[in-house]
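# Breakdown of the fold
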Amino acid sequence: MTDRPVGSGATAPLRPRIAVLGAGAVGGYIGARLFAEGEDVTLVDGWAEHVAAVARSGLAITGARPEEDETVRVPILPEDRLADLGPIDVAIVAVKSWDTRRVAELLRPQLAPGGFVVSAQNGLNEPVIAEVVGGDRVVGLIAARIGVELDRAGRILRRVSRGSPGIPVFRIGEPDGRTTPRIGALRALIAKVDSVTVTGNLTGERWSKLAANAMRNGLSAATGLPIDAMDRDPLLRRFGIRLAGEAVLIGERLGLRLEGIGGTPAALFARAAEGDRAALARLEEALMASAVSGKAAGQRPSMGQDILKGRRTEVEEIYGPVLARAGDTGVDAWANRRVRDAVRRIESGAARPDPAFFQLDPFGDTATEGRD
């Protein structure tokens with residue numbers, strides 16, 4: 001492979017050496033699909049049972065439709081053998097956000113001269129990675145609609161069909177918003193996985209995804225329910241809208257250009273949080289329609305999966321940024337605080353997931369009872 005200078009203007013080699021750090025639901029799916037399309041990909045993961053299962057039998061993917069089922073014999077290594085790969089051209093990081101700095105430190109000596117890191121995570125991790133590997137070596141990738149779950153060691157379930165109509169599954173961008181040669185090369189790679197668009201508004205996209213995660217992740221973790229069950233419950237449905245609305249309102253007041261949440265204008269959530277009953281009614285109607293369609297029946301966001309499996313969650317990485325900026329912007333983010341605190345209690349063993357945490361109408365007169 002020909003070395004290229006470091007920097008966002010550099011393009012990746014024609015067949016780059018790709019490492020996926022974190023071969024869970026998102027990382028494993030991306031890596032397996034790239035390998036199936038002929039790319040030079042190796043998965044790297046710290047879960048020994050998962051590594052052994054994939055090495056033995058391949059990574060099994062159960063798709064939303066039978067024709068999307070496949071088993072991919074993608075190479076996989078444990079973390080302590082990362083150095084076996086040699087220089088890495090494209091490192092896709094898909095570990096939990098709380099593990100970002102440690103994994104970036106592992107990657108730093110392994111990056112090829114023109115290599116760069118792609119954050120395919122929840123949260124706002126590009127600045128953390130940049131502190132370790134350099135700001136000109138970081139790109140962001142947002143999985144806007146993918147619906148994947150690591151069901152067990154060696155198997156990923158995808159509940160959303162490929163080529164999600166209306167909304168690109170992936171969004172990629174440079175932190176500074178420029179359209180660079182390497183973004184063009186990365187777009188061509190990710191297009192082999194699913195639909196993708198380039199954004200010049202990565203910061204706004206990230207905050208919009210943070211609002212979407214705030215709406216779903218902690219609520220599922222704290223109640224023990226999948227998304228469709230939450231949307232069928234009148235109080236939980238409204239609580240989710242309130243969570244997203246608080247986060248969007250903060251983003252607006254920070255001056256960010258926010259993107260849609262699940263195909264719905266972000267501003268609609270903010271207006272509902274401000275008391276616009278027409279906006280609230282439109283959002284409730286949309287969520288109910290999605291719930292009764294059955295398209296994502298039983299789907300749990302990543303934090304809901306983590307609680308079920310007894311794993312550490314990303315509660316601080318998702319709700320922390322919202323709560324940290326609430327005071328600066330004058331937003332009362334009491335719903336986000338309530339969810340964050342409930343998940344903390346569950347993780348500590350002081351409570352169990354229970355919908356009763358949220359048996360109040362966050363848009364009614366009783367909502368103040370839930371504030372702390």
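Before reading on, note that the structure itself is shown above.
The text that follows walks through the structure, step by step, so that each part is easy to find. What you see is a predicted model; the values in this text were computed from it and never measured. (Residues numbered from 1 in each chain as written. Predicted model: local features only at pLDDT ≥ 70, side-chain atom pairs only at ≥ 80, totals over all residues. Heavy atoms only, no water.)

## Description of the sheet that holds strand S9 (residues 148-152)
Read from one edge of the open sheet, four strands run S4-S3-S10-S9, paired in mixed fashion. Since the sheet does not close on itself, it has two edges, and those belong to strand S4 (70-72) and S9, each with one partner. Strand-to-strand twist across the sheet, computed as the mean angle between neighbouring axes with direction ignored, equals 25 degrees. Of the strand pairs in this sheet, S9 and strand S10 (residues 155-158) are connected by four bridges, and their pairing is antiparallel. From the neighbouring strand, Val-148 faces S10, where its bridge partner is Arg-158. (Pairing = 2+ DSSP bridges. Helix = DSSP H or I, 4+ residues; strand = E, 2+ residues; numbered from the N terminus. Axes fitted to C-alpha atoms, helices over the stretch in contact; angles between N-to-C directions.)

## With respect to the side chain of His-50
Note that His-50 resides in helix H2 (residues 48-57). Judged by its relative accessible area of 0%, His-50 is buried. Look past the residues within four positions of His-50 in its chain and what remains in contact with it is Ala-23, Asp-45, Leu-59, Leu-150, Ala-153 and Gly-154. (Buried < 20%, exposed > 50% of the residue type's maximum accessible area, 1.4 Å probe, protein only. Contact = heavy atoms within 4.5 Å.)

## Looking at the packing of helix H8 (residues 234-253) against helix H12 (residues 315-329)
In the contact formed by H8 and H12, the axes pass within 10 Å of each other and the chain directions differ by 55 degrees. By the angle between their axes, H8 is oblique relative to H12. Judged by the sense of rotation from one axis to the other, the crossing of H8 with H12 is left-handed. For the pair H8 and H12, the contacting residues are Ala-247, Ile-250 and Arg-253 in the first and Val-322, Arg-325, Ala-326 and Thr-329 in the second. A class-by-class count of the residues in the contact of H8 with H12 yields four nonpolar, one polar and two charged. (Parallel < 35°, antiparallel > 145°, perpendicular 65-115°, else oblique. Left-handed = near helix turned anticlockwise from the far one by under 90°. Nonpolar A, V, L, I, M, F, W, Y, C, P; charged D, E, K, R; others polar.)

## Notes on the sheet that holds strand S6 (residues 88-93)
Pairing is mixed in the open sheet, where eight strands are placed in the order S5-S2-S1-S6-S7-S8-S11-S12. With one partner strand each, in any of the chains shown, strand S5 (76-78) and strand S12 (196-198) form the two edges of the open sheet. Strand-to-strand twist across the sheet, computed as the mean angle between neighbouring axes with direction ignored, equals 25 degrees. Where helix H1 (residues 25-36) meets the sheet, it contacts strand S1 (17-21), strand S2 (40-45), S6, strand S8 (138-143) and strand S11 (170-173), and its direction lies at approximately 155 degrees from that of S2. Packing against the sheet, helix H4 (residues 126-133) makes contact with strand S7 (111-119) and S8, and its axis sits at approximately 155 degrees to S8.

## What to know about the packing of aromatic side chains
What describes a pair of aromatic rings is the distance from one ring centre to the other and the angle between the planes of the rings. Scanning all chains against the criterion turns up three aromatic pairs. Taken together, Phe-239, Trp-334, Phe-357 and Phe-358 form an aromatic cluster joined through their ring pairs. In this structure, Arg-182 is placed above the aromatic ring of Phe-116, and the distance from its NZ or CZ to the ring centre is 5.1 Å. (Phe/Tyr/Trp six-rings, centres within 6.5 Å; stacked < 30°, edge-to-face > 60°. Lys NZ or Arg CZ within 6 Å of the ring centre and 35° of its normal.)

## Let's talk about the pairing of S7
Among the nine residues in S7, seven count as buried, and that is most of the element. Strand direction decides the pairing type here: S6 and S7, joined by five bridges, are parallel. Residue pairing for S7: Ile-92 is matched across the bridge by Val-118. In this sheet, S8 lies alongside S7 in parallel orientation, the contact comprising three bridges. The partner of Val-117 across the bridge, within S8, is Val-138.

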